[in-house]
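# Commentary on secondary and tertiary structure
Here are the chains, one letter per residue:
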Amino acid sequence: MNHFDYVNGTLHAEGVPVTDIAARVGTPFYCYSTATLVRHYTVFAEALAKAGLDATVCFALKANSNVAVVRTLADLGAGADVVSEGELRQALKAGVPADRIVFSGVGKTRRELEFAVAKGIMQINVESEPELELLSQVAAERGVKMPIALRVNPDVDAGTHAKITTGKKENKFGIEWTRAHEVYRKARALPGVEPVAIACHIGSQLTEIEPFSAAFRRVRDLVAMLRADGFDIRHLDLGGGLGVPYDGETPPSPDVYAQAIKAELGDLGCRVVLEPGRVLVGNAGILVSRVVYMKEGSTRTFAIVDAAMNDLVRPAMYEAFHGIDPVTQPAAGAPRQPVDVVGPVCETGDTFAKQCPLPPLAAGDLVVFRTAGAYGAAMSSTYNSRPLVPEVLVDGDRFAVVRARPSFEEMAALESLPDWLE
Ligand SMILES: Cc1ncc(COP(=O)(O)O)c(C=O)c1O
Ligand SMILES: N[C@@H](CCCC[NH3+])C(=O)O
């Protein structure tokens, strides 16, 4: 459910006509709905509470690190899951308390570990033995015993796109399942870390509950093994991964997800940490773009729009589907014709949709790409020297630009010529 609906034939973001935002901000732009963010967070958190779980919801900033989006979620009580110093700074800037932040990722540098330890975050999820040794050294140098989870790789197939599957043993993530106990023992012997948790995340955009349950059962086995060996395991970080409907998928509801956690792990007396990204923000965002040209090819019609793969890379990268609609509804009964919706970037892969049935479009018309709140702006780039697109947050009948479009002068100012090329 989201808050982007037609009113009198014009798409509105909550109470604001999308055409008004386009007139003020220019295109393309991302637009987020506060009401949808609030709704998704509330439904997710309530499902966990209803299941009787002691849970901390740490929003995965990788899905959308806009400070206004993160602040909106933080105001509702969300913590944060971060994967870089930049995301950690962004979470703190948005007002997430340090003791509600977990730090994941396979390649944390010394500098990043030092920063996280200095900020006193809740937990660092360690993904390898070299990282464990470095973190212990960094923390011990500061006289700190850092609470950690080991992220274990349960070797479970998440049944999602290969590029976003993370829990198979051939993936780079986590510590191999079979070695986990041994590495926990190693952690126990180190001065700067305290292993208090297990972390596990098997992939993103999961549309079935069973892979989650299979991973939870593995976590359960590991809790038993570690407790029998005297470890005080208090937190279970179960990652993110719950999918959203892009094209008619029917992912498990937060209730079904919470009940699965309860069924597999509910009796262990652990606090559950979750790292949802997409399910909180996916449907809370759209990308709005303008048709630059309609181009008739000999075999197909192209709608060339002013957004491109650098602004929303998911279709090019994962063949992902995003629903496309005109911002102004066509007259009832207007015929639809198949159109390839493409961007201006010089790659054939810069294609948002092939043979998409759309009503007649003309240059200047606005179109909307749906379900673009997760991994949209967050994955954008300046390829083809295109400025990052602005982001707008709507709340009721007001809106604000929450990330400005940089000017070409600002982009140019980041570069310089070495003296031998002056
Ligand atoms: C460790 C970790 N946590 C959380 C997430 C968020 O995942 P999602 O957006 O699918 O909920 C990811 C991305 O898949 C991740 O790698
Ligand atoms: N970027 C991916 C999700 C990656 C999840 C990160 N662990 C997507 O757009 O679907």
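Everything numeric in this text was worked out from a predicted model, so none of it was measured.

### Focus on the overall build of the chain
- A tally of regular secondary structure across the chain gives twelve helices and 21 strands.
- Taking 22 Å as the expected radius of gyration for a compact globule of 422 residues, we find that the chain reaches 23 Å, a close match to that expectation.
- For the chain, the spread of C-alpha atoms along the three principal axes comes to 70 × 60 × 40 Å.
- The buried share of the chain, reckoned over its 422 residues, is 47%.

### Remarks on the UniProt feature "domain: Orn/DAP/Arg decarboxylase 2 C-terminal" (unreviewed entry) in the chain
- Here the UniProt feature "domain: Orn/DAP/Arg decarboxylase 2 C-terminal" (unreviewed entry) sits at residues 29–373.
- Taken end to end, residues 29–373 is 31% helix and 24% strand, and its first and last C-alpha atoms sit 11 Å apart.

### Quick look at the domain arrangement of the chain
- Per the domain assignment, the segments making up the chain are domain 1 (4–32 + 282–413) and domain 2 (35–281).
- For domain 1 versus domain 2, the distance between C-alpha centres works out to 32 Å.
- Counting residues at the interface gives 20 residues for domain 1, matched by 20 residues for domain 2.
- Elements with a contribution of two residues or more to the side of domain 1 that touches domain 2: β20 (391–395) and β21 (398–403).
- In terms of residue class, the side of domain 1 that touches domain 2 is built from eleven nonpolar, six polar and three charged.

### Digging into the sheet that holds strand β3 (residues 16–17)
- Here three strands make up an open sheet; going across it, the order is β1-β2-β3 and the pairing antiparallel. Of all the strands in the sheet, just β1 (4–7) and β3 have a single pairing partner and so form its edges.

### Here we look at the environment of Q123
- Here Q123 lies in strand β8 (residues 123–126).
- Take Q123: there are 26 C-beta atoms within 10 Å of it, and that puts it in the buried class.
- In this structure the C-alpha to C-alpha distance between Q123 and G333, which are 210 residues apart in sequence, comes to 56 Å.
- Filtering out sequence-adjacent residues up to four positions away, Q123 remains in contact with V102, P147, I148, A149, A197 and H235.

### Structural notes on the UniProt feature "active site" (unreviewed entry) in the chain
- Here the UniProt-annotated "active site" (unreviewed entry) positions come out as C346.
- Mapped onto the fold, C346 is located in the loop between β17 (337–342) and β18 (351–358).
- The exposure class assigned to C346 is exposed, which follows from the 9 C-beta atoms found within 10 Å.

### Overview of the confidence of the model for the chain
- Scored by pLDDT, the chain comes out at a mean of 97, with 100% of its residues at no less than 70.
- With a pTM of 0.97, the predicted complex shows an ipTM of 0.99.

### Overview of unusual backbone geometry
- Each neighbour pair has its own omega, and for T27 with P28 the value is -10 degrees, a cis peptide bond.
- Tracing the sequence through the fold places P28 in the loop between α1 (18–25) and β4 (29–33).
- The backbone phi angle of S385 is positive, close to 55 degrees, even though this residue is not glycine.
- Within the element layout of this structure, S385 appears in the loop between β19 (366–369) and β20.
- On the basis of neighbour count, S385 is assigned to the exposed category, with 9 C-beta atoms found within 10 Å.

### Structural notes on the site of ligand 2
- Neighbouring ligand 2 are the residues K62, I164, S204, Q205, R314, Y318, Y375 and M379.
- Each of domain 1 (4–32 + 282–413) and domain 2 (35–281) gives at least three residues to the shell around ligand 2.

### Re the nonpolar core
- The biggest cluster of nonpolar side chains holds 119 residues, and the ones touching the most others in it are C31, L150 and I198.
- Residues lining this core come from more than one domain, with at least three contributed by each of domain 1 (4–32 + 282–413) and domain 2 (35–281).
- Beyond its immediate chain neighbours, meaning those up to four positions away, I198 contacts A149, L150, V152, V219, L222, V223, I233 and L236.

### Notes on the packing of helix α4 (residues 85–93) against helix α5 (residues 110–119)
- In contact at an axis separation of 10 Å, α4 and α5 are set at 25 degrees when each is read in the N-to-C sense. Here α4 lies roughly parallel to α5, going by the angle between them. Mapping the contact onto sequence places E85, L88 and L92 in α4 and R111, E112, F115, A116 and K119 in α5.
- Counted by class, the contact of α4 with α5 contains four nonpolar, no polar and four charged residues.

### Section: the pairing of strand β6 (residues 79–82)
- Of the two faces of β6, the one holding G79 and D81 and the one holding A80 and V82 are both buried throughout.
- Sheet topology places strand β5 (residues 55–60) next to β6; three bridges connect them, and they run parallel. Within β6, the residue paired with A60 across the bridge is D81.
- Examined bridge by bridge, β6 and strand β7 (residues 101–103) share three bridges and lie parallel to one another. Bridged to D81 within β7 is V102.
- Following the backbone out of β6, through α4 and into the adjacent parallel β7, one traces a crossover that is right-handed.

### Observations regarding the pairing of β20
- Of all five residues that make up β20, four are buried, and the element is covered over most of its length.
- For β4 and β20, the ladder comprises four bridges, and the chain directions are parallel. The residue of β20 that forms the bridge with C31 is V392.
- Both β20 and β21 contribute to a ladder of five bridges, which runs antiparallel. By the bridge assignment for β21, L393 is matched with A400.

Parameters and conventions
Residues numbered from 1 in each chain as written. Chains lettered and ligands numbered in written order. Predicted model: local features only at pLDDT ≥ 70, side-chain atom pairs only at ≥ 80, totals over all residues. Helix = DSSP H or I, 4+ residues; strand = E, 2+ residues; numbered from the N terminus. Rg over C-alpha atoms; globule rule 2.2 N^0.38 Å. Buried ≥ 20, exposed ≤ 12 C-beta atoms within 10 Å, placed from the backbone. UniProt positions renumbered as here; feature names shortened; annotations may be inferred. Domains from an automatic or database assignment. Contact = placed C-beta atoms within 7 Å. Nonpolar A, V, L, I, M, F, W, Y, C, P; charged D, E, K, R; others polar. Pairing = 2+ DSSP bridges. pLDDT = per-residue confidence, 0-100. Near = placed C-beta within 6 Å. Core = buried A, V, L, I, M, F, W, Y, C linked by C-beta atoms within 7 Å. Axes fitted to C-alpha atoms, helices over the stretch in contact; angles between N-to-C directions. Parallel < 35°, antiparallel > 145°, perpendicular 65-115°, else oblique. Right-handed = clockwise from strand over helix to strand, strands pointing away.

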